[in-house]
Each structure stands twice: as C-alpha cells, then as structure tokens.
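# Coordinate analysis (summary)
Read off the chains here:
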Amino acid sequence: MNIESLLKYQKADEELYKVEQKISNSPFKKKANELAAVAKRAQARSTELEAEAERLISEISEIKQNYKTNMSKADEMLGKNIEDLSVDELDKLGALKSKLLSNLNILEKMLQKSAENINHILAEFNKTKKLYDEARTKYNECKEKIEEESKTLEPEKEKVKKGLVALEKEVDPALLTEYKKKRNDNIFPVIVPLENDNFCGRCRMELPKVAISRIKETGVITCEHCKRFVYKK
C-alpha cells in the first residue's frame, strides 16, 4: 500500500486543520459560548421566577378572600345588639371576637409577607432580564466578530480544499474513506509513525505485537487507544 501518498495528503490537510483551529479557537467563539450559557441560565431563572410569582399571586388572592370573609363576620358581630344577648351568648361573642381579631392579624401579616416576596421576585426578575438582554447583545456582537473572522479565513480554506481534492486521486479510496471518518471525529493527525517498533507515535501507548506484525501486510494498523493509523517508516 502506498503510504507516501496518504502522508502527502495529510501534510496538505494539516494546513486546513490549522485554519479550522483558528476558527474554533477564536476568543470570540469562546466568549460567545460563555455568554450563551449565561443567557440560558438567566432564561431558566426567569421561568422559575414567573412560576413563583403566579403562585404568590394566587396565594395573595386566597388571603384577601379569607380576610374579606373574616371582616364580614366581624361586621355581622358588631351589628348585633348586645343588650338582647344572654350571658352565654355574650361569652360566645367574646370568644368569636378574639378569634376574628387573631385571624385578621395573621392574615394581615401573611398578606404583608406575600407582598414583600412579590416585590423581591419582581426585583430579581428585572435583574435577571437585564442580565439576559446584556448577554444576548454581547453574544450577537461576538457572533458578528466570528463571522468576520470566518470570511477572512474562507479564501485560504477553499484554496487548501481544492489542493486536497487534487491529491485524493493518489490515495487508496478505501484508506481515504477511513481517513476522512477519523478526521470528522476530530482526530488529527490521522496517520502517525510507529515509534521504537512498539509504540503509537501519537499517544505513546504500546501496541500489541500481533497488530504490529500486520503492518508489513496492510501498510497501516489502527491504534486501539487513540484510533489513529500507525505506519512503519
């Protein structure tokens, strides 16, 4: 098998790899990923706050209804003529009065607490929304920078690709297909030399003797550790 043609192909492919790395390792891309994560967390928190606000609004509505019911009972109690009541009825009325006052006091505190919670949620929601909007704005700015960088590197990228197409004719089709599969899995370099007759030239792991013995027959073997092609110089 003609390994030299594949090595020549890989050498040209290395230029394409470098261009791709420039794009993927762009500081703007890294920042964009960070901002996207911030925006995602802010959006999730906003959803949680909306759900909590709905629960509190429902709670406040229930407290108000209970307060209204207790006030109606209090008004009804005050409307009674005390002179017409017996001692037993006066005792019951006094107990009811104490209970109503206690209930009204509790409901007022609950209402105040719920209102405070609502204000807290609204403040956090506004803060979270502002954080989300800022993250989205900066993300879009980074995205524009990434697109500008890509446009700058695109001519160079296309030039290398055309050269690779020309070199493909010299490489064994089956080997080239496997090469491209590994390349698409972000494995690069794809083909490396055997070192010291026993080790993969990339990951430095020792290869089985049975596999090494096949190099003369097949031209290359696959490292079971890093999945690269290994050839003997």
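Predicted model, so just to flag it, every value in this text is computed and none were measured.

Inspection of the entire model under this criterion finds two aromatic pairs. Taking 5.3 Å as the distance between ring centres and 85 degrees as the angle between the ring planes, the aromatic pair formed by Tyr 9 and Tyr 179 counts as edge-to-face. Linking Tyr 9 in helix H1 (residues 3–24) with Tyr 179 in helix H4 (residues 173–184), this pair joins segments that are 170 residues apart in sequence.

What follows deals with the environment of Leu 6. With respect to the element layout, Leu 6 can be found in helix H1. Separated by 184 residues in sequence, Leu 6 and Val 190 place their C-alpha atoms 9.8 Å apart. For Leu 6, the residues in contact, after removing those within four places along its chain, are Val 171, Leu 175, Tyr 179, Ile 191 and Phe 229.

Once that is clear, we can look at the pattern of salt bridges. Going through the model one piece at a time under the given rule, you end up with 14 salt bridges. With its nearest N and O atoms 2.8 Å apart, the salt bridge here joins Asp 13 to Arg 183. A residue pair is termed long-range when its members are at least 10 positions apart, and Asp 13 in helix H1 and Arg 183 in helix H4 qualify at 170 residues. Between Arg 183 and Glu 20 there is a salt bridge whose closest N-O contact spans 3.0 Å. Note that Arg 183 is positioned in helix H4 and Glu 20 in helix H1, a separation of 163 residues in sequence. By relative accessible area, Glu 20 is classed as partly exposed at 25%. The structure contains a network of salt bridges with shared partners spanning Asp 13, Glu 20 and Arg 183.

Once that is clear, we can look at a negative patch on the surface. On the surface, Glu 141, Glu 144, Glu 147 and Glu 148 cluster together to form a negatively charged patch. Position of Glu 144 relative to the elements: it lies in helix H3 (residues 87–168).

A separate point is the sheet that holds strand S4 (residues 229–231). Read from one edge to the other, the open sheet built from four strands follows the order S2-S1-S4-S3, with strand pairing classed as mixed. The open sheet has two edge strands, strand S2 (199–200) and strand S3 (220–222), and neither has a second partner. The sheet strands contacting H1 are strand S1 (191–195), S3 and S4, and the helix crosses S1 at an angle near 120 degrees. The strands touched by H4 within the sheet are S3 and S4, with S4 carrying the most contacts at an inclination of about 125 degrees.

What counts, and where the lines are drawn
- Residues numbered from 1 in each chain as written.
- Predicted model: local features only at pLDDT ≥ 70, side-chain atom pairs only at ≥ 80, totals over all residues.
- Heavy atoms only, no water.
- Phe/Tyr/Trp six-rings, centres within 6.5 Å; stacked < 30°, edge-to-face > 60°.
- Helix = DSSP H or I, 4+ residues; strand = E, 2+ residues; numbered from the N terminus.
- Contact = heavy atoms within 4.5 Å.
- Salt bridge = Lys/Arg side-chain N within 4 Å of Asp/Glu carboxyl O.
- Buried < 20%, exposed > 50% of the residue type's maximum accessible area, 1.4 Å probe, protein only.
- Patch = residues over 30% accessible without salt bridge, like charges linked within 9 Å, V, L, I, M, F, W, Y side chains within 5 Å.
- Areas by Shrake-Rupley, 256 points an atom, 1.4 Å probe, with all protein chains shown as cover.
- Lys, Arg positive; Asp, Glu negative; His and termini not counted.
- Charge placed at Lys NZ, Arg CZ, Asp CG, Glu CD.
- Pairing = 2+ DSSP bridges.
- Axes fitted to C-alpha atoms, helices over the stretch in contact; angles between N-to-C directions.

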